[in-house]
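Residues per chain are reported as follows:
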Amino acid sequence: MAGTRLKPEREAEMYAAVLDLLRELGYDALTMDAVAARTRSSKATLYRQWGSKAELVVRALRHNKPAALQEIDTGSLRGDFHAMASLSDDCKMEEDAALMRSLLHVVHANPDLHRALRELLVEPEMTGLGILLRRAVDRGELPADHPAFPFVTHMLVGAFVARQLIEDKPVDRAFLTDYLDAVVLPALGV
């Protein structure tokens, strides 16, 4: 973030307001004016702190994440994946999935949003997942050259997209845990 650093409480309050507006209006209709009005701040302050609407939205999404994946270390890949699935309750998981679905509709027409999502959300998550997988290799649970490694992220994203599309149900912890046990871990040979 550029400019003067906000107090953590104020920053969290602003991110919550951004996510509320995103849910209410969608990305395209969300404006820095609306955020400024909702958060009782100036538009100039918003631009000074975040630079763009895309960065503000993605940082709000990132702040909303319960924990970094690399912080999870239960001693087994299965335990790590289950801990990952239990980071969020079902209601929050549904809200987050709905937000991501709405952003995926507009991301390809918004290069700034696409870049910010990749840099600030996707790449850190992939890095964290890579750390979990490397720990599993170090523990001897997986071979270092396992052919499914490059596709773990795809499998996880697929769970969120496919359940809503195929079953018209949101992903919840029970589904995600079952999916990890039935699809992801067997694909990795665990």
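The structure under discussion appears in the preceding block.
Before going into details, it helps to say that this report is about the structure given with it. The structure displayed is predicted, hence computed values, not measured ones.

### A few points about the packing of helix H2 (residues 32-39) against helix H3 (residues 43-50)
Inference 1: Close contact between H2 and H3 brings their axes to 8 Å; oriented N to C, the two are set at 110°. By the angle between their directions, the pair H2 and H3 is classed as roughly perpendicular. Every residue of H3 that contacts H2 at Met 32, Asp 33, Val 35 and Ala 36 is listed here: Lys 43, Leu 46 and Tyr 47.
Inference 2: Residue classes in the contact of H2 with H3 are distributed as five nonpolar, no polar and two charged.

### A word on helix H9 (residues 173-187)
Inference 1: Here H9 is 15 residues long and its end C-alpha atoms lie 20 Å apart, about the 21 Å a rise of 1.5 Å per residue gives.
Inference 2: The axis of H9 is deflected most strongly, by about 40°, at Leu 180.
Inference 3: Residues of H9 that are buried include every one of Phe 175, Leu 176, Tyr 179, Leu 180, Val 184 and Leu 185, and no others.
Inference 4: Residues of H9 that are buried sit in contact with helix H5 (77-85), helix H6 (90-106) and helix H8 (152-167).
Inference 5: Trailing H9 by a residue or two, Gly 189 shows a phi angle of about 85°, which is positive.

### Observations concerning the nonpolar core
Inference 1: Core analysis: the biggest nonpolar cluster contains 29 residues, and Leu 22, Tyr 27, Val 57, Leu 61, Leu 103 and Leu 113 have the highest contact counts within it.
Inference 2: Counting residues in hydrophobic clusters, the runner-up holds 27 residues, among them Ala 83, Leu 133, Leu 176 and Leu 185.

### A word on the pattern of salt bridges
Inference 1: As enumerated under the stated definition, the model contains 15 salt bridges in all.
Inference 2: A salt bridge links Glu 55 to Arg 59; the nearest nitrogen and oxygen atoms lie 2.9 Å apart. Within this pair, Glu 55 and its partner Arg 59 are both found in helix H4 (residues 53-63), separated by four residues, close to a single helical turn.
Inference 3: Its relative accessible area of 18% is what places Glu 55 among the buried residues.
Inference 4: Residue Glu 123 is joined to Arg 118 by a salt bridge in which the shortest nitrogen-to-oxygen separation is 3.7 Å.
Inference 5: One salt-bridge network, in which partners are shared between bridges, spans Asp 73, Asp 80, Arg 135, Arg 139 and Glu 141.

### Digging into unusual backbone geometry
Inference 1: Phi angles above zero are rare outside glycine, and Arg 40 is one such case at about 55°.
Inference 2: Structurally, Arg 40 is set in the loop between H2 and H3.
Inference 3: The exposure class of Arg 40 is exposed, given its relative accessible area of 77%.
Inference 4: Positive phi values are uncommon outside glycine, yet Asp 168 reaches one of about 55°.
Inference 5: The class for Asp 168 is exposed, based on a relative accessible area of 61%.

### Here we look at the layout of surface pockets
Inference 1: Reported here for the largest pocket is a volume of approximately 1,400 Å³.
Inference 2: If you trace the largest pocket, you find 41 residues lining it, with Lys 65, Met 100, Glu 125, Val 157 and Phe 160 closest to the centre.
Inference 3: Going through the elements one at a time, H5, H6, helix H7 (111-138) and H8 are the ones with two or more residues in the lining of the largest pocket.
Inference 4: At 12 residues, the largest contribution of residues to the lining of the largest pocket is made by H7.
Inference 5: For the lining of the largest pocket, the per-class residue count stands at 28 nonpolar, seven polar and six charged.

What counts and what doesn't
Within every chain, residues take consecutive numbers counted from 1 along the sequence as written. Selection of residues for local features in this predicted model requires a pLDDT of at least 70, selection of side-chain atom pairs for listing and counting requires 80 or more, and totals for whole chains, interfaces and linings are taken over all residues. Excluded from the side-chain calculations are hydrogens and water; all other atoms, namely the structure's heavy atoms, are used. Interaxial angle, 0 to 180 degrees, is taken between N-to-C directions of lines fitted to C-alpha atoms, where a helix line uses only the stretch in contact. Strands here are runs of E lasting at least two residues and helices are runs of H or I lasting at least four, both read from the DSSP assignment and numbered beginning at the N terminus. Angles are sorted into four bins: roughly parallel if under 35 degrees, roughly antiparallel if over 145, roughly perpendicular if 65 to 115, and oblique for all others. When checking whether two residues touch, look at their non-hydrogen atoms; a contact exists if any pair is within 4.5 Å. Three categories are distinguished: nonpolar for Ala, Val, Leu, Ile, Met, Phe, Trp, Tyr, Cys and Pro, charged for Asp, Glu, Lys and Arg, and polar for the others, with Gly belonging to the last. In a helix, the anticipated span is given by 1.5 Å times the number of residues less one. One axis fitted to the seven residues ending at a residue, another fitted to the seven starting there: the angle between these axes is the bend at that residue. For every residue, the accessible area obtained with a 1.4 Å probe (protein chains only) is divided by the maximum for its type, and the residue is called buried under 20%, exposed over 50%, and partly exposed between those limits. Nine residue types can take part in a nonpolar core, namely buried Ala, Val, Leu, Ile, Met, Phe, Trp, Tyr and Cys, and a core is a set of them joined through side-chain atoms within 4.5 Å. One side-chain nitrogen of Lys or Arg within 4 Å of one carboxyl oxygen of Asp or Glu is enough to make a salt bridge. Using a 1 Å grid laid over the protein atoms alone, points where a 1.4 Å probe fits but cannot get out form a cavity; open sets with protein on both sides within 12 Å along at least 5 of 7 lines form a pocket; any residue with an atom within 4 Å of a point counts as lining. Grid points are joined across faces, edges and corners, and a volume is the space filled by probe spheres set on the points.

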